[in-house]
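# Structural overview
Each chain, letter by letter, is given below.
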Amino acid sequence: MTEPSGRRERKKAATRQKIADAALRLFLERGYDAVGIRDVAAEADVAVTTLFSHFASKEALVFEQDEDFEQRLTQAVTGRSPHEPLIPALRREIQVLVRHCTADGAAPIRRMIDASPALRKYDESMRLRHAQSLATAIAADPGLSRTATACRAIARFVIDAYALAREADEPEAAVDEVFLMIEAAWEAGRPSGAAAVRS
């Protein structure tokens, strides 16, 4: 008898979370470079092959919410109401994400990332990938009427707003400040004569 797909997915998600939690605990206790993949697998009580079925690399263990972050950004574009402008929807989502990553307990993780060249490199490549996914979602919306270049630029600005805000003394105020500039850039990219509908 096969396992119902809903239960299988829940077990898979629970295993993934258990591995990520074990990895983070070890990384923070011993230091990122001092912990190997086998150490994480042993701590999580899973096989190394199971670990790699959930995470493609050691770096990915630190950024376990990577896919969720990307999906939330693209859904801020695709899931907004029919007449909701784009930039306020993105600002709202970035505010939520910034609050999450600046909450109590996040600082040690950020310090660990900043101290590791491998993690900084992974973080940068992840941000570029998120910007590309966001640009694709913006470009696919027929109501937004911007060039591919404008969509890519705005997507980069949004990802950079997140990065800048999480390092600011007042993260939420920083999001608002940067998004004023993003809004101006978005309006500047409007084709001449284009109607201001849901953009």
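Up top is the structure.
The rules behind these values
Residues numbered from 1 in each chain as written. Predicted model: local features only at pLDDT ≥ 70, side-chain atom pairs only at ≥ 80, totals over all residues. Heavy atoms only, no water. Phe/Tyr/Trp six-rings, centres within 6.5 Å; stacked < 30°, edge-to-face > 60°. Helix = DSSP H or I, 4+ residues; strand = E, 2+ residues; numbered from the N terminus. Buried < 20%, exposed > 50% of the residue type's maximum accessible area, 1.4 Å probe, protein only. Lys NZ or Arg CZ within 6 Å of the ring centre and 35° of its normal. Lys, Arg positive; Asp, Glu negative; His and termini not counted. Salt bridge = Lys/Arg side-chain N within 4 Å of Asp/Glu carboxyl O. Polar contact = N/O pair within 3.5 Å; in protein donor to acceptor, adjacent residues only side chain to side chain. Contact = heavy atoms within 4.5 Å.

For the structure on display, the rule yields 3 aromatic pairs. An angle of 25° between the planes, with centres 5.2 Å apart, marks the rings of F63 and Y122 as stacked. Residue F63 is located in the loop between α4 (58-62) and α5 (66-78), and its partner Y122 is located in helix α8 (residues 117-140); the two are separated by 59 residues in the primary sequence. Across the pair, exposure class does not vary: F63 and Y122 are buried alike. Taking the ring centre of Y32 as reference, the NZ or CZ of K58 above it sits at 4.2 Å. Here the guanidinium or amino end of R146 rests over the ring plane of W186, the centre of that ring lying 4.0 Å away.

Residue placement: K58 occurs in helix α4. Within the buried set, K58 has no salt-bridge partner at all; the shortest N-O distance to an opposite charge, 4.9 Å, is to D33. At a separation of 2.6 Å, a polar atom in the side chain of K58 contacts the main-chain carbonyl oxygen of V35. Not counting the four nearest positions on each side in its chain, K58 is found in contact with F27, Y32, D33, V35 and I37.

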